[in-house]
Amino acid sequence: MLPLNPHTILVTRSASQSPQFRQLLEAQGSTVLEMPALTIGPPSSWAALDQALDRIQEFQWLILTSANGVTAWFERLAAQGITLDQCPSLKIAVVGQKTAAVLQRYGKTPDFIPPDFVADSLVSHFPEPLRDQSVLFPRVETGGRTLLAEEFRQQGSTVTEVPAYESRCPSHLEPPIAAALAQGRVTVVTFASSKTVTYFNQLITAQFGESAGDLLRGVAIASIGPQTSHTCRDLWNRVDIEAQDYTLEGLTAAIVAWAMATPTRSTGLI
């Protein structure tokens, strides 16, 4: 029997990013429910990004920390009729192999990927002295961490942060997902970012009120990495599974290891 049979796993990634994760989990025998806990859209204004694009040749480094950031960046470049060939000296640093893979779909290879798939590693392993670097950082409009830009500035870089996209909470919890949670059919709920944790909590609280916390009793909370885990602990005081390799593959491996070490009832619940 495959290691994730008979587990039912709730995936909370955005709709455009969940198919790959679903395939990884199903290949290990799980039943997968998809619940996009955030939606991706444009920022409230393009003005700051467009102003940065007007002087793109002034920047030495472009920092991209997520697949969403890469997609939003290139879509805006195309909308403005700009290509990176117009600024051949601009170097690109990305966080994580997934971000690098999305970048390569646009025909670009990153000049630097830190060895650890977290933004904090970017500064400590940066390949050039940070003093006097001019850095452009397109990012989520609200709710993202400010630590990365602050650390660059502390090292002497000039950092221009611009909103390139926004992630928002969906309007409601889909009825099939609400039913699965209420009936205790979910074994594991997975989170790949702090925002998915926050928005998931908002959605179940809006749906179930004071009893929302009871839904997660007997459900393992699985996190892709330390920052996401920190948010889980803030809200629910625990994390049961944390990926050692901060990727979807790493999260899948961590869930498999947990499942193999955790006895299950005949119903599939913990």
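Please refer to the structure placed before this passage.
Residues numbered from 1 in each chain as written. Predicted model: local features only at pLDDT ≥ 70, side-chain atom pairs only at ≥ 80, totals over all residues. Heavy atoms only, no water.

1. Some thoughts on the packing of aromatic side chains
Each aromatic ring pair is described using two quantities: the centre-to-centre distance and the angle formed by the ring planes.
Here is step 1 of the chain: Inspection of the entire model under this criterion finds 7 aromatic pairs.
Here is step 2 of the chain: Consider the rings of F191 and F200, whose centres lie 5.4 Å apart with planes at 65°: the pair is edge-to-face. Here the two residues F191 and F200 agree in accessibility, since each one is buried.
Here is step 3 of the chain: Judged by its relative accessible area of 0%, F191 is buried. (Phe/Tyr/Trp six-rings, centres within 6.5 Å; stacked < 30°, edge-to-face > 60°. Buried < 20%, exposed > 50% of the residue type's maximum accessible area, 1.4 Å probe, protein only.)

2. Let's talk about the pairing of strand β9 (residues 220-223)
Here is step 1 of the chain: Every second residue of β9 is oriented toward a common face, with A220 and A222 on one face and I221 and S223 on the other, all of them buried.
Here is step 2 of the chain: Both strand β8 (residues 188-191) and β9 contribute to a ladder of 4 bridges, which runs parallel. Its bridge partner being in β9, V188 is matched across the sheet by A220.
Here is step 3 of the chain: Note that the unit made of β8, helix α8 (residues 194-208) and β9 has a crossover that is right-handed.
Here is step 4 of the chain: Judged from the 2 bridges that link them, β9 and strand β10 (residues 241-242) form a sheet pairing that is parallel. Paired with A222 across the two strands is I241, which belongs to β10. (Helix = DSSP H or I, 4+ residues; strand = E, 2+ residues; numbered from the N terminus. Pairing = 2+ DSSP bridges. Right-handed = clockwise from strand over helix to strand, strands pointing away.)

3. Some details on the state of the cysteines
Here is step 1 of the chain: Considering all chains together, one arrives at 0 disulfides under this definition.
Here is step 2 of the chain: Looking at the unpaired C232, the closest cysteine sulfur is the one in C169, lying at 15 Å.
Here is step 3 of the chain: Take C232: its relative accessible area is 0%, and that puts it in the buried class. (Disulfide = S-S within 2.5 Å.)

4. Considering the sheet that holds strand β6 (residues 134-140)
Here is step 1 of the chain: With mixed pairing, 5 strands are arranged side by side in an open sheet as β3-β7-β6-β4-β5. In the strand order of this sheet, the two ends are held by β3 (39-41) and β5 (91-94), each with one partner. Each strand of the sheet is rotated relative to its neighbour by a mean of 30°, with strand direction disregarded.
Here is step 2 of the chain: Bridge count between β3 and strand β7 (residues 158-168): 3 bridges; the pairing is antiparallel. Across the sheet, G41 pairs through a bridge with E166, a residue of β7. (Axes fitted to C-alpha atoms, helices over the stretch in contact; angles between N-to-C directions.)

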